[in-house]
Amino acid sequence: MGKISAVIIIMLFTLSSHSALAQWHKKSFKVMGTLAHVEFWLDDSVPQATADKLILAVEQEMQRIDKTMSPYIATSELSAINRDAATKPVIISKELFDLLTDAHNVAVLTHGMFDITYASIGYQYDYRKHQKPDQTAINNALKAINYQAVTLDKSSSSVRFTHADVKIDLGGIAKGHAVKNCIAILKEAGIEHALISAGGDTTLLGDRIGRPWFVGIKHPRAEDKTAVQLPLSNESISTSGDYERYFIEDGIRYHHIINPKTGDSARNVVSVSIIGKNPTYVDALSTAIFVMGLQQGMALINELPEYEAIIIDNQQTLHVSTGLQQD
C-alpha cells in the first residue's frame, strides 16, 4: 500500500516585483522509504536561519513519524502493536490511536477495500527478491486480513487484535499524515505558499505566487513521462500505482498494492490519483480506489463531493470523476 513518487512539475514564469523581496527555500531528503520535498516562499527580510529551522522542523517531523509508525523499526509503536496486540491490549499515543481510527473509518467507507491488516500477508512479499507467498500461505493469511479484528479502546488509548495472526501496516496512510503535520508546521510559522511531498503524497499551501502549482501524474508505463499535469492550489493529491515496487513472473505483475479480499496484487487499474483537502484521507482513498477498480471506485468518489479522482485503467486510458469533467 505504498505510494508512488508523484512528479512535481514547476512551471517556469517571470516573477513579479515581489521577487526582489522574497525567495523560495527548498530541500529534498529521503525518509519513510521514499523521497520527500519541502518548498516555501519567504520574505527576504526574514533571516536565512529561520528558513533553515523550518526545513529542519519538517525533516525532523517526518523522521519522528517514521520512527513511530514504521514496521521495519523494532522500537516503533507500530512494531510493538504487531508484536503484542494479539495477546494483550497495547497502550499507544493519541496520535497513533487517531490515525488507526482514521484507517478504520476509511475501511468502513470502502467496505474493507482499504485495510491495514493486509500486512498479515503483505510481509511475505519481497519485490526486490521477486518472492511471493504460495496460495496455501495466502489462504491461511486471509483469515487474519480483517480490519474489524483491530479493536480500539478510546478510554485506555489501546489497541488489541482479535486474531493471533493479524499484522498491520500504515504504508497507505502514514505519509499523508506526515505531509499534513508538516504543512501545519509551515502554516503556524506564517508561511502562505508551500509544497510538501512524501512519495506520491503532496499537499499545496496557497498558490505559486499568483499562479497554481502544477503537479504531474506519472505515466504508468513510461518512466520519464507524465500522463497529465494538474493546476492545483490549497489541495492535496495522492497517487497509487503498480509501477514502483513490483516484479513480473510468467507475464503477471506482482506489486505492493494488495487486495485485502484476495491477498494478491490488485490488477483492475494501473494508477489512481485522488484530490481533496485532507491529506490523510486522500492518501488512504488512493489505495482503496486502486483496489476497487474503475467502476466501483469512481462510483464511490462521485458520491464524495470533497474528493476527485483520476484513474488510468489497464488499457492506459485516463478517466476523471464528475467534478473534473469539463462541460
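Residues numbered from 1 in each chain as written. Predicted model: local features only at pLDDT ≥ 70, side-chain atom pairs only at ≥ 80, totals over all residues. Heavy atoms only, no water.

A. Examining the sheet that holds strand 4 (residues 90-91) more closely. Across the sheet, which stays open at both edges, the three strands sit in the order 4-6-5 with antiparallel pairing between neighbours. Taken across any chain shown, the strands that pair with only one partner, and hence form the sheet edges, are strand 4 and strand 5 (150-153). Of the strand pairs in this sheet, strand 5 and strand 6 (residues 158-161) are connected by four bridges, and their pairing is antiparallel. By the bridge assignment for strand 6, Leu152 is matched with Val159. Packing against the sheet, helix 3 (residues 94-109) makes contact with strand 5 and strand 6, and its axis sits at approximately 130° to strand 5. (Pairing = 2+ DSSP bridges. Helix = DSSP H or I, 4+ residues; strand = E, 2+ residues; numbered from the N terminus. Contact = heavy atoms within 4.5 Å. Axes fitted to C-alpha atoms, helices over the stretch in contact; angles between N-to-C directions.)

B. Examining the nonpolar core more closely. Among the nonpolar cores identified, the biggest contains 70 residues, and Phe40, Met62, Ile81 and Leu170 are the most heavily contacted of them. Sorting elements by how many residues they give to this core places helix 7 (residues 279-292) first, with nine residues. Sequence-distant contacts of Phe40, defined by excluding residues within four places in its chain, comprise Gln23, Trp24, His25, Ala51, Leu54, Ile55, Leu186, Ile191, His193 and Ala194. Grouped together as the second largest cluster of nonpolar side chains are 13 residues, Leu195, Leu230, Leu232 and Ile275 included. (Core = buried A, V, L, I, M, F, W, Y, C linked by side-chain atoms within 4.5 Å. Buried < 20%, exposed > 50% of the residue type's maximum accessible area, 1.4 Å probe, protein only.)

C. Layout of the packing of aromatic side chains. By the definition in use, this model includes five aromatic pairs. Members of the aromatic cluster, connected to one another through ring pairs, are Tyr125, Tyr127, Phe247 and Tyr254. Cation over ring: Lys167 sits above Tyr123, and NZ or CZ is 5.5 Å from the ring centre. Note that Arg267 overlies the ring of Tyr254, its terminal NZ or CZ placed 5.0 Å from the centroid. (Phe/Tyr/Trp six-rings, centres within 6.5 Å; stacked < 30°, edge-to-face > 60°. Lys NZ or Arg CZ within 6 Å of the ring centre and 35° of its normal.)

D. Summary view of the side chain of Thr203. Position of Thr203 relative to the elements: it lies in strand 8 (residues 201-205). Look at Thr203 and you get buried, because its relative accessible area is 7%. A distance of 2.7 Å separates a polar atom in the side chain of Thr203 from a polar atom in the side chain of Ser236. Each residue touching Thr203, except ones within four places of it in the same chain, is listed here: Val179, Ile183, Ala194, Leu195, Ile196, Glu235, Ser236 and Pro279. (Polar contact = N/O pair within 3.5 Å; in protein donor to acceptor, adjacent residues only side chain to side chain.)

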